[in-house]
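If you want the building blocks of each chain, they are given just below.
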Amino acid sequence: MRPNLHAARLRDVPRLTTILRKFTRTTPWLPQTRSLPTDLTLMTRITRAGWVKIIRDPTGTAGFIARDGHRIHALYVDPRRNRTGVGRALLRDAQHSTPYLELWVAEANTPARAFYAAHGFTEVERGCGAGNDEKLAEIRMIWPNPQGAAP
């Protein structure tokens with residue numbers, strides 16, 4: 001079956017926030033820094049900005065990607081849909097939309113780092129966490145790797 005990808009609408013915000021919070025509330029190494037109202041406000045803002053693309057399957061919204069141009073800000077999959085190709089479909093759609101992508105991933109998020117590496121992303125920089133809400137060490141990854149250089 002072909003994935004059903006399309007731009008998120010404001011009516012999708014509650015479900016997208018639920019997917020985001022399922023991850024943040026079940027990840028032991030991730031500090032809880034935002035409240036539900038803050039997450040709803042954030043999802044509303046980035047949805048209005050047109051950054052969010054969602055994927056649906058027969059049971060509903062399965063995941064989303066938030067991307068502003070070449071920068072991926074978030075990619076989350078409903079935990080019940082992990083390892084079903086949802087994340088891969090979202091990322092491939094982004095890769096077909098632009099010749100270059102970049103993102104920051106928490107150093108502690110080993111599964112996400114492996115996922116991005118398997119899809120051609122390479123590490124180009126490390127940060128101390130000053131750029132994220134949780135203040136966690138992070139890694140900047142880019143795709144494709146233009147001889148180790150970033151634009």
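Before going into details, it helps to say that this report is about the structure given with it. (Residues numbered from 1 in each chain as written. Predicted model: local features only at pLDDT ≥ 70, side-chain atom pairs only at ≥ 80, totals over all residues. Heavy atoms only, no water.)

**What about the nonpolar core?**
The nonpolar side chains of soluble globular proteins are, as a tendency, buried together. With 20 residues, the main nonpolar core has Ile72, Leu75, Leu103, Tyr116, Phe121 and Met141 as its most contacted residues. Taken together, the elements giving at least two residues each to this core come down to strand 3 (60-68), strand 4 (71-77), helix 3 (86-97), strand 5 (101-106), helix 4 (110-118) and strand 7 (138-143). Per element, the largest residue contribution to this core is 5 residues, and it comes from helix 3. Setting aside residues up to four positions removed in sequence, Tyr116 forms contacts with Leu75, Leu91, Leu103, Phe121 and Met141. Grouped together as the second largest cluster of nonpolar side chains are 12 residues, Ile19, Phe64, Ala66 and Ala74 included. (Core = buried A, V, L, I, M, F, W, Y, C linked by side-chain atoms within 4.5 Å. Buried < 20%, exposed > 50% of the residue type's maximum accessible area, 1.4 Å probe, protein only. Helix = DSSP H or I, 4+ residues; strand = E, 2+ residues; numbered from the N terminus. Contact = heavy atoms within 4.5 Å.)

**Describing the pairing of strand 5**
Strand 5 sits mainly inside the fold: 5 of its 6 residues count as buried. For strand 4 and strand 5, the ladder comprises 2 bridges, and the chain directions are parallel. Directly across from Arg71, in strand 5, lies its bridge partner Glu102. For the crossover that starts at strand 4, traverses helix 3 and ends in the parallel strand 5, the hand is right-handed. Judged from the 6 bridges that link them, strand 5 and strand 7 form a sheet pairing that is antiparallel. When the bridges of strand 7 are listed, Trp104 appears paired with Arg140. (Pairing = 2+ DSSP bridges. Right-handed = clockwise from strand over helix to strand, strands pointing away.)

**Points about the side chain of Asn109**
Tracing the sequence through the fold places Asn109 in the loop between strand 5 and helix 4. Contact partners of Asn109, with chain neighbours within four places excluded, come to Phe23 and Trp29.

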